[in-house]
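# Summary of structural features
Letter by letter, the chains look like this.
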Amino acid sequence: MNDNASFLVLFLAPVKDFLADDKVSEILINGPNQIYIERGGRLEETAAHFTGEAQLKAAAVNIAKSVDRQLDEMHPDLDARLPDGSRVHATIPPVSRCGTIISIRKFKKEMLTIDKLEQFGSVPKEGAQILNAIVKLRKNTIVSGGTSSGKTSVLNALSGLIPEKDRILVLEDASELQLQQKHCVYFETRKPDKNGQGEFSIRDLVIASLRLRPDRLVIGEIRGGEALDLLQAMNTGHSGSMSTIHANSPLDALSRMETCAIMSGINFPLNAIRMQVASAINCVVHTMRLPDGARKIVEIAEVLPLEQGEYRIRPLMQWKTEAIGEDGCVSGRFILGEPPSFRSNAEIMHLELPEYK
Ligand SMILES: Nc1ncnc2c1ncn2[C@@H]1O[C@H](COP(=O)(O)OP(=O)(O)O)[C@@H](O)[C@H]1O
Ligand SMILES: [Mg+2]
């Protein structure tokens, strides 16, 4: 057991078994008497509990101390990364009303690859072929989906398709991605210190990274004004870049990119921003957590030019849910859409695509 693990166990003894269990991906502590875990994609309530609020709050405060941060009346929430890569978020009363809340997202030792996604039925062979062509042909790609739908996992899998010869810069808020290539340079944002100084945001990272000769930018998640910098990078020669965004559909992902670009404070006319979005982003890969907990790539779409100022996409592959059994199990199938506009380029590059009629 490494130092960090033993330190965690010390403060978080009631959940130590879940910390040690690789099948548990998340631990959600909602006050001393209610603890949920996510295991194999499903949430379950557990019988574990803390002796009381005092023990739980002490755990949260000690975790904060161990990463040199404060958790008290003036700073009632903590977002921290532990040395083993796990993310901890804690909130103390009165901000949280049912006692101290701690959520732990455990660091994944193994990230998914496209082959694994195929094995799990998250994407069919044809979908994997399309994704491979998208990455090899340097299409700028956004992975969209809801919370915990598998966006980061799919981004990691896509990054695995980038050729070894490319120099990849990885920019993240909290390091999660683990690329397989050798020539990867990783960056992480920094939060302001207790005096509000020293912040280094994703936006700062995007701007700085462009001076470091990237062939590809891989950005963990777009949440705000950095969207504009990424769009500009994508439009000015850094093709083949990729990121994720929280959205309900591929079209919604484009609207969300637009909203985030506006958050940068620029004063462009809306149509100009839309044109940037529609020309910078070539493909959207949409992920979903189905009602039975299975995560799938439910759509791969190509972004088409604007029509009368509106976004348009062409679905290349879609998941159709056909039935939900009494046991909650979802059944359905993947449907192949129209051939992509890059079909002939893929042929030139000897990249295999599905057989279209
Ligand atoms: N296709 C998949 N099959 C099984 N588990 C998956 C799949 N994709 C993601 N997961 C698991 O689901 C959890 C959330 O995935 P993540 O990629 O972090 O989602 P998001 O970035 O959308 O929040 C992780 O524990 C991850 O390992
Ligand atoms: Mg994520």
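Residues numbered from 1 in each chain as written. Chains lettered and ligands numbered in written order. Predicted model: local features only at pLDDT ≥ 70, side-chain atom pairs only at ≥ 80, totals over all residues. Heavy atoms only, no water.

So the rule is basically this: UniProt positions are given in the numbering used here, feature names are shortened, and annotations may be inferred rather than shown by experiment.
An unreviewed UniProt entry lists the chain under the name CpaF family protein, with Victivallis lenta as the source organism. What UniProt records for the chain under Sequence similarities (unreviewed entry) is the sentence "Belongs to the GSP E family."

## With respect to the site of ligand 1
Note the following rule: If a single non-hydrogen atom of a residue is within 4 Å of a molecule or strand, that residue counts as near it. Each polar contact in these results corresponds to two N or O atoms within 3.5 Å; when the atoms are within protein, one needs to be able to donate a hydrogen and the other to accept it, and residues that are neighboring in sequence are counted only if both atoms are side-chain atoms. Values of accessible area rely on a 1.4 Å probe in the Shrake-Rupley scheme; residue burial ignores everything except the protein chains shown. For the purposes of this entry, the term helix denotes a DSSP run of H or I that reaches at least four residues, the term strand denotes a run of E that reaches at least two, and both are numbered from the N terminus. Residue polarity follows a fixed list, in which Ala, Val, Leu, Ile, Met, Phe, Trp, Tyr, Cys and Pro are nonpolar, Asp, Glu, Lys and Arg are charged, and the others, Gly among them, are polar.
Taken together, 15 residues sit near ligand 1, with Lys108, Ser122, Lys151, Thr152 and Ser153 positioned nearest. At a separation of 2.8 Å, a nitrogen atom of ligand 1 approaches a polar side-chain atom of Ser122. A distance of 3.1 Å separates an oxygen atom of ligand 1 from a polar backbone atom of Ser149. Contact with the protein chains covers 83% of the free accessible surface of ligand 1, which is 560 Å². For the shell around ligand 1, the element with the highest residue contribution is helix α6 (residues 151-159), accounting for three residues. When grouped by side-chain class, the residues that make up the shell around ligand 1 number three nonpolar, eight polar and four charged.

## Details of helix α3 (residues 53-66)
To keep it simple, the criterion reads: Expected helix span is computed as 1.5 Å times (number of residues minus one). The buried label applies to any residue whose accessible area, calculated with a 1.4 Å probe on protein chains only, is under 20% of its type's maximum; exposed applies above 50%, and partly exposed to all values in between. Of all possible arcs, the one meant is that of the directions from the helix axis to the C-beta atoms.
The end-to-end C-alpha distance of α3 is 20 Å, a good match for the 20 Å that 14 residues give at a rise of 1.5 Å each. Turning to α3, its buried residues number three or more, namely Leu56, Ala59, Ala60, Ile63 and Ala64. One side of α3 holds all its buried residues, which, seen down the axis, span an arc of 135°. When the buried face of α3 is taken as reference, the exposed residues oriented beyond 90 degrees from it are Ala54 and Lys65. Positive backbone phi, approximately 65°, marks Asp68, located one or two places after α3.

## Points about the nonpolar core
How we decide: Here, nonpolar core refers to any group of buried Ala, Val, Leu, Ile, Met, Phe, Trp, Tyr and Cys residues whose side-chain atoms link them within 4.5 Å. Residue contacts are counted whenever heavy atoms from the two residues lie within 4.5 Å of one another.
Ranked by size, the top nonpolar core spans 35 residues in total, and within it Ile114, Ile130, Leu131, Leu158, Val218, Ile297 and Ile300 carry the most contacts. Sorting elements by how many residues they give to this core places helix α5 (residues 125-136) first, with six residues. With residues up to four places along the chain from it excluded, the contact list for Ile297 reads Leu117, Ser122, Val123, Leu131, Val154, Val285, His286, Thr287, Met317, Trp319 and Phe334. In this structure, Leu171, Leu228, Ile245 and Ile273 belong to the second largest nonpolar core, which totals 30 residues.

## Details of the packing of helix α7 (residues 202-209) against helix α8 (residues 226-235)
Our working rule: All axes are obtained by fitting lines to C-alpha atoms, using only the stretch in contact for helices, and the reported angles, taken between N-to-C directions, cover 0 to 180 degrees. Roughly parallel covers angles under 35 degrees, roughly antiparallel covers those over 145, roughly perpendicular covers 65 to 115, and oblique covers all other angles. By definition, turning the near helix anticlockwise from the far helix through less than a right angle yields a left-handed crossing, and turning it clockwise yields a right-handed one.
As a packed pair, α7 and α8 sit with axes 8 Å apart at the nearest point and diverge in direction by 20°. The angle between α7 and α8 places the two elements in the roughly parallel class. Of the two elements, α7 crosses α8, and the hand of that crossing is left-handed. Residue-level contacts link Ile202, Arg203, Val206 and Ile207 of α7 to Glu226, Leu228, Asp229 and Leu230 of α8.

## Examining the domain arrangement of the chain
The criterion, for reference: Marked domain ranges trace back to an automatic or database domain assignment. What gets called buried area is simply the loss in accessible area from a 1.4 Å probe that two parts show on being joined, summed for both. In the sections that follow, a salt bridge refers to a side-chain nitrogen of Lys or Arg positioned within 4 Å of a carboxyl oxygen of Asp or Glu.
Each domain of the chain was delimited in the assignment, giving domain 1 (3-105) and domain 2 (114-348). The C-alpha-based centres of domain 1 and domain 2 are spaced at 30 Å. Across the contact, 11 residues belong to domain 1 and 11 residues belong to domain 2. Taking both sides of the interface into account, the surface hidden between domain 1 and domain 2 amounts to around 880 Å²; carbon and sulfur atoms contribute 31%. Connecting domain 1 to domain 2 are three salt bridges. Here Glu38 makes a salt bridge to Arg295, at a shortest N to O gap of 3.1 Å. At the junction of domain 1 and domain 2, the tally comes to two residue pairs in polar contact (both at pLDDT 80 or more).

## Structural notes on the sheet that holds strand β7 (residues 141-145)
Note the threshold: One bridge is not enough; two strands pair if DSSP finds at least two bridges between them.
Read from one edge of the open sheet, nine strands run β9-β8-β10-β11-β7-β12-β13-β14-β15, paired in mixed fashion. At either end of the open sheet lies a strand with only one pairing partner, and these are β9 (184-188) and β15 (330-336). Averaged over neighbouring strand pairs, the angle between their axes works out to 25° when direction is ignored. Where strand β13 (residues 295-307) meets strand β14 (residues 310-324), seven bridges bridge the pair, whose relative direction is antiparallel. From the neighbouring strand, Ala301 faces β14, where its bridge partner is Pro315. Here α5 sits on the sheet and contacts β7, β10 (216-219), β11 (242-246), β12 (283-289), β13, β14 and β15; the angle it forms with β13, its principal contact strand, is near 50°. Sitting on the sheet, helix α9 (residues 250-262) touches β7, β11, β12, β13 and β14, and the angle it makes with β14 is about 135°.

## Remarks on the packing of aromatic side chains
Put simply, the rule is: By convention, a stacked pair of Phe, Tyr or Trp rings (six-membered ring in the case of Trp) has centres within 6.5 Å and planes under 30 degrees apart, an edge-to-face pair has planes over 60 apart, and any other such pair is tilted. We call a charge positioned over a ring when the NZ of a Lys or the CZ of an Arg lies within 6 Å of the ring centre and within 35 degrees of the ring normal.
Going through the model one piece at a time under the given rule, you end up with one aromatic pair. Both rings, one in Trp319 and one in Phe334, keep their centres 4.9 Å apart while their planes meet at 65°; by these two values the pair is edge-to-face. With Trp319 in strand β14 and Phe334 in strand β15, this residue pair connects regions lying 15 residues apart in the sequence. Exposure remark for Trp319: the relative accessible area of 12% places this residue in the buried category. The ring of Trp319 has Lys296 sitting right over it, with the charged end atom 4.7 Å from the ring centre.

## With respect to the pairing of strand β6 (residues 101-105)
A regular strand places its side chains on the two faces of the sheet in alternate fashion. Along β6, the buried face is formed by Ile102 and Ile104; none of Ile101, Ser103 and Arg105, which line the opposite face, is buried. Here five bridges tie strand β1 (residues 24-30) to β6, and the two strands are oriented antiparallel to one another. The residue bridging Asn30 from the neighbouring strand is Ile101, located in β6. Direction of pairing for strand β5 (residues 87-91) relative to β6: antiparallel, over a ladder of five bridges. Bridge pairing links His89 to Ser103 in β6.

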